[in-house]
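For reference, the chains in residue letters:
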Amino acid sequence: MPRIVVEVMPKPEILDPQGKAIASALPHLGFQDFSAVRQGKRFELSVDGEVTDEALAQARKAAEEMLSNPVIEDVVDVRVEDA
Amino acid sequence: MTETPLIGEYSSSPDGTALDGARIGVVTFPGTLDDRDAARAVRLGGGTAVPLWHADDTLSDVDAVVIPGGFSYGDYLRAGAISRFAPLMSRITEAATADSGSPLPVLGICNGFQILTEAHLLPGSMIKNDHLKFRCADQVLRVENTSTAWTSQFTQDELITVPLKNQDGQYVADEDTLTRLEGEGLVAFRYVGSNPNGSRHDIAGVTNARGNVVGLMPHPEHAVEAGYGSDDSTGMRNGTDGLTVFTSIISSLAGSHSEGGAL
């Protein structure tokens, strides 16, 4: 069953408090190589049958109007994946 | 059930029936927590609280609406993001943005403020507190705009203390929006003392340009009754600074009614 994957990230200029907390916790577990972390969201939209251009267009619209808030987030990717 | 105020007699206004007629809707979504406190604050302020359910498709002839705090839809997706699509929110948005001379006054408190930003009735958005902790404490605010429907009874730059309780309380907006808010005097409430959550420009609450839609993160409805409010100089829990928000809307409605000759 194919699905459309939407990825949303906090805007670069918005401080990401969750990412910052993760970054400061990583060294405590021995992960020393990472200087920063940003946490985003991944949505998987399942489609019955083939992913049509219409479905992909709807996914892009949903990503802009509902799955993300343009004040604080960017839609960084909308793509088709085979599950 | 009749709720009797413990302090004072608030059941009728001293100067007649005009104020008693004000019907203030209080919206309940799945996950709303503070609707009963908000309804009680409306009654203590002299209005009639009208319960509104998120799935309703009518505003039941209310004169104003309070969207209370809580965790509507469990804050799924983003705080306030799902609530925006409730049928009642469409009616509220239509009435609040109507071209008429008296658009519907709407107050969003905490999660209600988040819902109003998601519904594009107010600018900006809220993200997690910069310290990532849930913060619950009395908070001093400065009332910087007293021309809105919900702040008309405050004096300019009045300092008030009301409870603040949230995790996603950091107000953010882009620089252009912040410049516009400051330039047009649309910051209604500002944090005084330490900034409790990293909000841009210490902003605690904003209004739209017409002054009918106001949102704030702290909770005026939790400081309306001596014995159950914020701590103040007269004793623990004696603060009732929040009550002025609810007397302001009654006064504003009475003013607009008398101007329109409706009463």
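Note that this is a predicted model, so its numbers are computed, not measured. (Residues numbered from 1 in each chain as written. Chains lettered and ligands numbered in written order. Predicted model: local features only at pLDDT ≥ 70, side-chain atom pairs only at ≥ 80, totals over all residues.)

## Digging into the overall build of chain A
Then, in step 1: The helix and strand inventory of chain A stands at two helices and three strands.
Then, in step 2: Taking 83 residues into account, the globule formula puts the C-alpha radius of gyration at 12 Å, and chain A, at 16 Å, lies well above it.
Then, in step 3: Across its three principal directions, the C-alpha atoms of chain A cover 45 × 30 × 15 Å.
Then, in step 4: Out of the 83 residues in chain A, the part that is buried amounts to 17%.
Then, in step 5: Put simply, of all contacts in chain A between residues at least 6 apart along the chain, 73% involve residues at least 24 apart. (Helix = DSSP H or I, 4+ residues; strand = E, 2+ residues; numbered from the N terminus. Rg over C-alpha atoms; globule rule 2.2 N^0.38 Å. Buried ≥ 20, exposed ≤ 12 C-beta atoms within 10 Å, placed from the backbone. Contact = placed C-beta atoms within 7 Å.)

## Things to note about the overall build of chain B
Then, in step 1: On a plain count of helices and strands, chain B comes out with five helices and 13 strands.
Then, in step 2: Restricting the contact set of chain B to residue pairs at least 6 apart, pairs at least 24 apart contribute 73%.

## Some details on the confidence of the model for chain A
Then, in step 1: Chain-level statistics for chain A give a pLDDT mean of 94 and a share of 99% at 70 or above.
Then, in step 2: When mean pLDDT is compared element by element in chain A, strand β2 (residues 41-46) of chain A scores highest at 97, while helix α1 (residues 17-25) of chain A scores lowest at 92. (pLDDT = per-residue confidence, 0-100.)

## Examining the pairing of strand β9 (residues 187-191) of chain B
All names here are of chain B.
Then, in step 1: Counting buried positions along β9 yields five of five residues, so the element is predominantly enclosed.
Then, in step 2: Of the strand pairs in this sheet, strand β6 (residues 135-143) and β9 are connected by three bridges, and their pairing is antiparallel. For Leu141, the partnering residue across the bridge sits in β9 and is Tyr191.
Then, in step 3: The sheet contact formed by β9 and strand β10 (residues 203-207) spans three bridges and is antiparallel. The partner of Phe189 across the bridge, within β10, is Gly205. (Pairing = 2+ DSSP bridges.)

## Section: the interface of chain B and chain A
Many analyses report the size of an interface as the accessible area lost when the parts associate.
Then, in step 1: Every contact between the two is made by eleven residues of chain B and, on the other side, eight residues of chain A.
Then, in step 2: Residue composition of the side of chain B that touches chain A, by class: four nonpolar, three polar and four charged. (Nonpolar A, V, L, I, M, F, W, Y, C, P; charged D, E, K, R; others polar.)

## Here we look at the sheet that holds strand β1 (residues 2-10) of chain A
All names here are of chain A.
Then, in step 1: As summarised here, the arrangement of the three strands in space is β2-β1-β3, forming an open sheet in which the pairing is antiparallel. A single partner strand is all that each edge strand has here, and the edge strands are β2 and β3 (73-82). Ignoring strand direction, the axes of neighbouring strands in this sheet form an average angle of 20°.
Then, in step 2: Looking at chain direction, β1 and β3 are connected through nine bridges and run antiparallel. Pairing of Glu7 across the sheet is with Asp77, part of β3.
Then, in step 3: The sheet strands contacting helix α2 (residues 53-67) are β1, β2 and β3, and the helix crosses β1 at an angle near 25°. (Axes fitted to C-alpha atoms, helices over the stretch in contact; angles between N-to-C directions.)

## Observations concerning the sheet that holds strand β11 (residues 213-216) of chain B
Strand pairing in a sheet relies on backbone hydrogen bonds, with the paired strands running either antiparallel or parallel.
Residue and element names in this part refer to chain B.
Then, in step 1: Taken together, the nine strands give an open sheet; going across it, the order is β2-β1-β3-β4-β11-β10-β9-β6-β7, and neighbouring strands pair in mixed fashion. Of all the strands in the sheet, just β2 (48-53) and β7 (158-166) have a single pairing partner and so form its edges. If you compare each strand with its neighbour and ignore which way they point, the axes differ by 20° on average.
Then, in step 2: Across the face of the sheet, helix α2 (residues 87-96) comes into contact with β1 (23-28), β2, β3 (64-67), β4 (106-109) and β11 while running at roughly 130° to β4.
Then, in step 3: Across the sheet, helix α3 (residues 111-118) lies against β3, β4 and β11, angled at about 120° from β4, the strand it touches most.

## Topic: the environment of Asn129 of chain B
Then, in step 1: Secondary-structure assignment places Asn129 of chain B in the loop between β5 (125-127) and β6.
Then, in step 2: The class for Asn129 of chain B is partly exposed, based on 19 C-beta atoms found within 10 Å.
Then, in step 3: Along the backbone, Asn129 of chain B and Asp168 of chain B are 39 residues apart, and their C-alpha atoms lie at a distance of 5.5 Å.
Then, in step 4: Dropping the residues within four chain positions of it, Asn129 of chain B is found in contact with Pro17 of chain A together with Arg135, Gln167, Gly169, Gln170, Asn197 and Gly198 of chain B.

## Remarks on the nonpolar core
Then, in step 1: Grouped together as the largest cluster of nonpolar side chains are 75 residues, with contacts concentrated most on Ile24, Val26, Val42, Val65, Val106, Leu116 and Phe246 of chain B.
Then, in step 2: At seven residues, helix α5 (residues 243-260) of chain B tops the list of elements feeding residues into this core.
Then, in step 3: Ranked by size, the runner-up nonpolar core spans seven residues in total, among them Val8, Ala59, Ala63 and Val78 of chain A. (Core = buried A, V, L, I, M, F, W, Y, C linked by C-beta atoms within 7 Å.)

## Regarding unusual backbone geometry
All names here are of chain B.
Then, in step 1: One non-glycine residue, Asp75, lies in the positive phi region at around 60°.
Then, in step 2: One can find Asp75 in the loop between β3 and α2.
Then, in step 3: Phi is positive for Arg237, close to 65°, though the residue is something other than glycine.
Then, in step 4: Turning to its location among the elements, Arg237 is positioned in strand β13 (residues 235-239).

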